[in-house]
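A structural walkthrough
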Amino acid sequence: MKTPAAAHACGVMLVLLSLPAVLQTTPAQKNVIDIYSLNVDSKVSSRFAHTVVTSRVVNRADTMQEAVFQMELPKKAFITNFSMIIDGVTYPGNIKEKDAAQEQYSAAVARGESAGLVKVTGRKMEQFQVSVSVAPAGKVTFELVYEELLKRHLGVYELLLKVRPQQLVKHLQMDIHIFEPQGISFLETESTFMTNELANALTTSQNETKAHIRFKPTLSQQQNSPEQQDTVVDGDFIVRYDVNRTLSGGSIQIENGYFVHYFAPTGLPTIPKNVIFVIDKSGSMDGKKIQQTREALIKILDDLSPKDQFNLISFSNEATQWKPSLVPASAKNVEEAKSYAASIHAQGGTNINDAMLMAVQLLEKANREELLLPGSVSLLLLLTDGDPTVGETSPTRIQKNVKDAINGKYSLFCLGFGFDVSYPFLEKLALENGGLARRIYEDSDSALQLQDFYLEVANPLLTNVAFEYPSNTVEEVTQDNFQLLFEGSEMVVSGKLQDQNPDVLSATVTGQLLMQNVTFQMESRVAEQEEEFRSPKYIFHGFMERLWAYLTIQQLLEKMVSASDAEKQALEIQALGLSLNYSFVTPLTSMVVTKPEGQEQSQVAEKPIENGEALINLSIVRFPGMLHSFSSRQGLPGPLHFHHHSSFGRTLDSGLASMPAPPGLYEEFHEMDLALKEITQTVLPPAELPAPLHPLPSPASQLVLPAPGTSYAVPAPIQAPSVILPLPGQSVDRLCVDIKHSRGPMNLLSDPDQGVEVTGHYKRNKAQFSWIKVTFKKPQLQVHVSPEQVVVTRDRRSSAYKWKETLFSVMPGLVLTMDKAGLLLLSSPDKVTIGLLYWDGPEPGVRLLLQDTDRFSSHVGGTLGQFYQDVLWEPSAAADDSKRTLKVQGRDHPATREPKLDYQEGAPGTEISCWSVEL
């Protein structure tokens, strides 16, 4: 392949951060730049993922066109290569030190060439983008390569890919190969775009140590409908898995002279903990944030073990402790704490310093009085949404005060709620004190994010963990001492074997469990390990050396956060050297991509660093008589998403549409609507376009009222029943059940043979379920739905989904699907299919649907389950064939045939005639 001469190349500098892989075209390109091939190939070898995305495009127009390549990458991933092949010439990417790349970029800007930006595209996303001009009939091949080490989180590894071609692709294929020498214990896939039509395009094969997942849809499978040329392939594709483990918990793997040691023992008891929750209740937390904090705190308190001790501190201008000392997590104390948490209200300033020092003093006091269980773990959890504004306000002095007070004895974990908080301040505060920081995003699932974080640290297993290897066999070992090991996580140590490779690599891991020292010993035969990784074609060979380099760089970057200036410089030099040697785009390097001569666009992509503001853009929008400045912060919905636009449309719908418009109002709003539409087309991708405004009244519109004295007979509206039960094999094929006497949560269905239980809370005044929960035994899974969201919990991991967003999740023994109408189906071979439906009526709620009810066992029970046991219909009375009696387990239920609204196809429902009973 030819490469361009340096003298004729323009520089494009791209620096990136990271998350799921996305290829995207802009709407203007749809008909002219044709993506005729898109391949995503991801090889996961012993947790290390090497992903190659290859896109081939052609210009179908008869004029020069711009082809734009966009990618969204995993946040912890490092780009290792990017190239373009244009007319047989390869334009490669070169990794350079950031300062050197910046000089080349600045020179391009000085020549009058424009600069592009990396854009934050979501909670975990960052977007990489490069564009190039393509001649008529010209072809371009884009190839991007990135790598990441999959981290174990609450018992699983997760590989996340995103695909957004925004057009039909003739050759579209994704291949994911996983090889785990320890053996794959479970594997599941999930997609936000998969449909039943696309399900046949997904194949999964698996044996003990490897798995292959392929997604290869045809053109017709990709189509939204036969009449439309839009694609349904638009969103996330997720693979989750875990590996087999032994009591020793260790696995040493060796390839090409490098080793990696994974450590996550099973069967260990949980160490009791002393935890203090430090909660910000300043005025900026008012509204949804404090509400979600209360909700999360109440659920977290329920998860405390009776062996734990705890306390709560809330702070605004001043800090207040719930109890004068730590208390045991008894049922009585937990209930009192939940009542206290429910009463927390937001007002005042932010005094972080006093709150943190009070928390440390509580632990110190308990320690002096010997109230802490020997060998227990003490944790501090700080939640705040803003910078300090009261008392000590210097972040540097607060960090020093807290570090001096903790003195290495306790672990501090910091949660930053939203984007008004300085994340670097919290990150350093946590890392200096043996913990870590996490951002909590303002969204409908914020409470779930808080609970999820707590679960990560809820179950300590070992303290003071140290890895030891024979000094004459290994060198350049990554971090080998860790303060805490939590259930569901994994410790990873990597290094290089010395030149005289040993026959056996042995390792000793020591740690403390309560007051006892525990030792784990393991060994690995070098020749056998080398051979295991040498032959398979589905492995990215030489990966372990790159895994070692990746892990070393990540740990060096983390150390830089809390290092002194002198230490930071040495760490930076080391991390930069590795980044350049292994061609990783990190915060210390940039990628320069050459372009064909004469193209006048240069773009810069810098790997962003998490911070508190992260402003995306600023647009000035001019309306008649008004000037608005719209901004949107990372992760926050802003006016550029047109929330104001939508609510304005609803106002018109409810009021103005039936009233004569004042003179000039129509023209003003018409101009505003055109301006909004123009901005919407410019700023938002098609998937985010708001619904059009309600048609505005013309100046001649008049309000028409009925004549005085006129009266109308308004028939009572037909209501939907609480539940519609299909009754296969009976003389009546369906039954409408109205719940009239519910009190609190109800056991709706329970079938131990099927391994399923359904509970719910029915609101009689709203004639709706406020929530429904479905629990499966195999796989162990819980689905909790409310009008706000769908929450799926498996093995302590919870994921939140919004209604009417497509979902297709395949796991052993169960398939979850959700369509855009808001119907969630839980299906499994030989089991009853359970449907959960979002009901968008006057009072939003959720509804229950059942299919395949002939699969219920003879042991089914519950308020609704009883109708699938010993049911007998007595004949209708001769005088009135609209009334019958239904005998259920010896009890009589009067039944009446009457019109009902069938909700099973979604709102607004269709009228049916149904036998109805009241419960």
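Given the structure is predicted, the values throughout are model-derived calculations rather than measurements.

This part takes up the overall build of the protein. When you go through the protein residue by residue, the secondary structure sums to 14 helices and 52 strands. For the protein, with 919 residues in total, the buried portion stands at 53%. By sequence separation, contacts in the protein at least 24 residues apart represent 68% of the contacts at least 6 residues apart. Looking at the protein as shown, the accessible area adds up to about 40900 Å², and 50% of this sits on carbon and sulfur atoms.

Before going further, it helps to examine helix α6 (residues 352-368). Compared with an ideal rise of 1.5 Å per residue, which puts 17 residues at 24 Å, α6 spans 24 Å between its outermost C-alpha atoms and is within 8% of the ideal. Inspection of α6 places Ile352, Asn353, Ala355, Met356, Ala359, Val360, Leu362, Leu363 and Ala366 among the buried residues, and these make up the whole buried set. Directly after α6, the chain includes Glu370, whose backbone phi takes a positive value near 55°.

Turning our attention to the nonpolar core. One finds Val783, Leu824 and Leu836 to be the most contacted residues of the largest nonpolar core, which totals 61 residues. Among the elements that make up this core, the one with the highest residue count is strand β47 (residues 833-839) (five residues). Sequence-distant contacts of Val783, that is, excluding residues within four places in its chain, are made with Ile772, Lys773, Val774, Val790, Val791, Val792, Leu816, Leu824, Leu826 and Leu836.

Taken together, the four strands give an open sheet; going across it, the order is β29-β27-β31-β32, and neighbouring strands pair in antiparallel fashion. Since the sheet does not close on itself, it has two edges, and those belong to β29 (481-486) and β32 (516-525), each with one partner. Recorded for the sheet is a direction-independent mean angle of 30° between the axes of neighbouring strands. Here five bridges tie strand β27 (residues 460-468) to β29, and the two strands are oriented antiparallel to one another. Following the sheet pairing, Pro460 is matched in β29 by Phe486.

As a further point, take helix α9 (residues 446-457). Compared with an ideal rise of 1.5 Å per residue, which puts twelve residues at 16 Å, α9 spans 18 Å between its outermost C-alpha atoms and is within 8% of the ideal. For α9, the buried fraction is high: twelve of the twelve residues fall into the buried class. Buried within α9 are the following residues: Ser446, Ala447, Leu448, Gln449, Leu450, Gln451, Asp452, Phe453, Tyr454, Leu455, Glu456 and Val457.

All right, on to the packing of α6 against helix α7 (residues 395-406) then. Put simply, α6 and α7 touch, their axes get as near as 10 Å, and they point 5° apart. Judged on the interaxial angle alone, α7 and α6 are roughly parallel. Along the contact surface, α6 presents Ile352, Asn353, Met356, Leu357 and Val360, while α7 presents Ile398, Asn401, Val402, Ala405 and Ile406. Split into classes, the residues belonging to the contact of α6 with α7 amount to eight nonpolar, two polar and no charged.

The subject of this paragraph is the confidence of the model for the protein. Per-residue pLDDT for the protein has a mean of 81; in total, 81% of the residues score no lower than 70. Taken element by element, the predicted model of the protein shows its lowest mean pLDDT in strand β34 (residues 615-623) (28) and its highest in strand β21 (residues 309-315) (97). Confidence drops under pLDDT 50 across residues 1-29; counting only partners more than four residues distant or on other chains, this segment forms 145 contacts. Within the model, the stretch residues 112-119 combines pLDDT values under 50 with 24 contacts to residues more than four positions away or in other chains.

Residues Glu97, Asp99, Glu103 and Glu572 make up a contiguous surface patch of negative charge. When you line up the elements, Glu103 lands in helix α1 (residues 98-110).

The next point concerns the side chain of Gln554. Mapping Gln554 onto the fold places it in helix α11 (residues 543-562). Apart from residues no more than four positions distant in its own chain, Gln554 is found in contact with Lys76 and Phe78.

The four strands lie next to each other as β18-β19-β30-β28, forming an open sheet whose pairing is antiparallel. Across the chains shown, the open sheet's two edge strands, defined by having one partner strand only, are β18 (250-255) and β28 (474-475). The sheet contact formed by strand β19 (residues 258-263) and strand β30 (residues 491-497) spans six bridges and is antiparallel. Among the inter-strand pairings, Tyr258 is bridged to a residue of β30, identified as Lys496. Contacts from helix α10 (residues 526-534) reach β18 and β30, with the element oriented near 70° to β18.

A word on the state of the cysteines. Inspection of every chain in the model, using the stated rule, returns one disulfide. Sulfur-sulfur distance for the disulfide between Cys736 and Cys914 comes to 2.1 Å. Here the S-S torsion is close to 115°, and the disulfide linking Cys736 with Cys914 is therefore right-handed. Taken together, the positions of Cys736 in strand β37 (residues 734-738) and Cys914 in strand β52 (residues 910-918) put the pair 178 residues apart, joining distant regions of the chain. Accessibility expressed as a relative area gives 0% for Cys736, which makes it buried. Judged by its relative accessible area of 1%, Cys914 falls in the buried class.

We now examine the environment of Ile573. Looking at the secondary structure, you find Ile573 in helix α12 (residues 565-581). With relative accessibility at 57%, the residue Ile573 sits in the exposed group.

This part takes up unusual backbone geometry. Following Lys778, the chain continues to Pro779 via a peptide bond in cis, the omega torsion being -5°. Tracing the chain through its elements places Pro779 in the loop between β40 (768-776) and β41 (781-785). The residue Asp830 is not glycine, and still its phi comes out positive at about 70°. Mapped onto the elements of the fold, Asp830 is located in the loop between β46 (823-827) and β47.

This next bit is on the pattern of salt bridges. On inspection of all chains with the given rule, the structure shows 34 salt bridges. With its nearest N and O atoms 2.9 Å apart, the salt bridge here joins Asp242 to Arg245. For the pair shown, Asp242 and Arg245 are each scored as buried. A salt bridge links Asp404 to Lys400; its shortest N-O distance comes to 2.8 Å. Placement of both Asp404 and Lys400 in helix α7 is noted, with a separation of four residues, approximately one turn of the helix. Overall, the relative accessible area of 49% leaves Asp404 in the partly exposed class.

By secondary structure assignment, the location of Thr293 is in helix α4 (residues 288-302). In this view, Thr293 contacts Ile279, Met285, Leu383, Phe417 and Leu450; residues no more than four positions away in its chain are not counted.

Turning our eyes to something else, we now look at the pairing of strand β20 (residues 273-280). Counting buried positions along β20 yields eight of eight residues, so the element is predominantly enclosed. Side chains Lys273, Val275, Phe277 and Ile279 of β20 all project onto a buried face; the interleaved residues Asn274, Ile276, Val278 and Asp280 project onto the opposite face, where all are buried too. Chirality of the crossover, the property in question, places the unit of β20, α4 and β21 among those that are right-handed.

Relative to the helices and strands, Leu448 is located in helix α9. Here the alpha-carbon distance between Leu448 and Thr293, two residues 155 residues apart in the chain, equals 9.7 Å. Contacts of Leu448, omitting those with residues within four sequence positions, involve Val791, Ser798, Ser799 and Ala800.

A surface patch of nonpolar side chains, amounting to about 290 Å² of accessible area, comprises Leu373, Leu514 and Met515. Examined against the element boundaries, Leu514 turns out to sit in the loop between β31 (504-513) and β32.

Looking now at the packing of α4 against helix α5 (residues 331-342). The N-to-C vectors of α4 and α5 enclose an angle of 175°; their axes lie 9 Å apart at closest approach. Comparing their axes, α5 and α4 come out roughly antiparallel. From α4, Arg294, Leu297, Ile298, Leu301 and Asp302 reach across to α5, where they touch Val334, Ala337, Lys338, Ala341 and Ala342. Tallied by class, residues from the contact of α4 with α5 come to seven nonpolar, no polar and three charged.

Definitions and cut-offs
Residues numbered from 1 in each chain as written. Predicted model: local features only at pLDDT ≥ 70, side-chain atom pairs only at ≥ 80, totals over all residues. Heavy atoms only, no water. Helix = DSSP H or I, 4+ residues; strand = E, 2+ residues; numbered from the N terminus. Buried < 20%, exposed > 50% of the residue type's maximum accessible area, 1.4 Å probe, protein only. Contact = heavy atoms within 4.5 Å. Areas by Shrake-Rupley, 256 points an atom, 1.4 Å probe, with all protein chains shown as cover. Expected span 1.5 Å × (residues − 1). Core = buried A, V, L, I, M, F, W, Y, C linked by side-chain atoms within 4.5 Å. Pairing = 2+ DSSP bridges. Axes fitted to C-alpha atoms, helices over the stretch in contact; angles between N-to-C directions. Parallel < 35°, antiparallel > 145°, perpendicular 65-115°, else oblique. Nonpolar A, V, L, I, M, F, W, Y, C, P; charged D, E, K, R; others polar. pLDDT = per-residue confidence, 0-100. Patch = residues over 30% accessible without salt bridge, like charges linked within 9 Å, V, L, I, M, F, W, Y side chains within 5 Å. Salt bridge = Lys/Arg side-chain N within 4 Å of Asp/Glu carboxyl O. Lys, Arg positive; Asp, Glu negative; His and termini not counted. Charge placed at Lys NZ, Arg CZ, Asp CG, Glu CD. Disulfide = S-S within 2.5 Å. Right-handed = clockwise from strand over helix to strand, strands pointing away.

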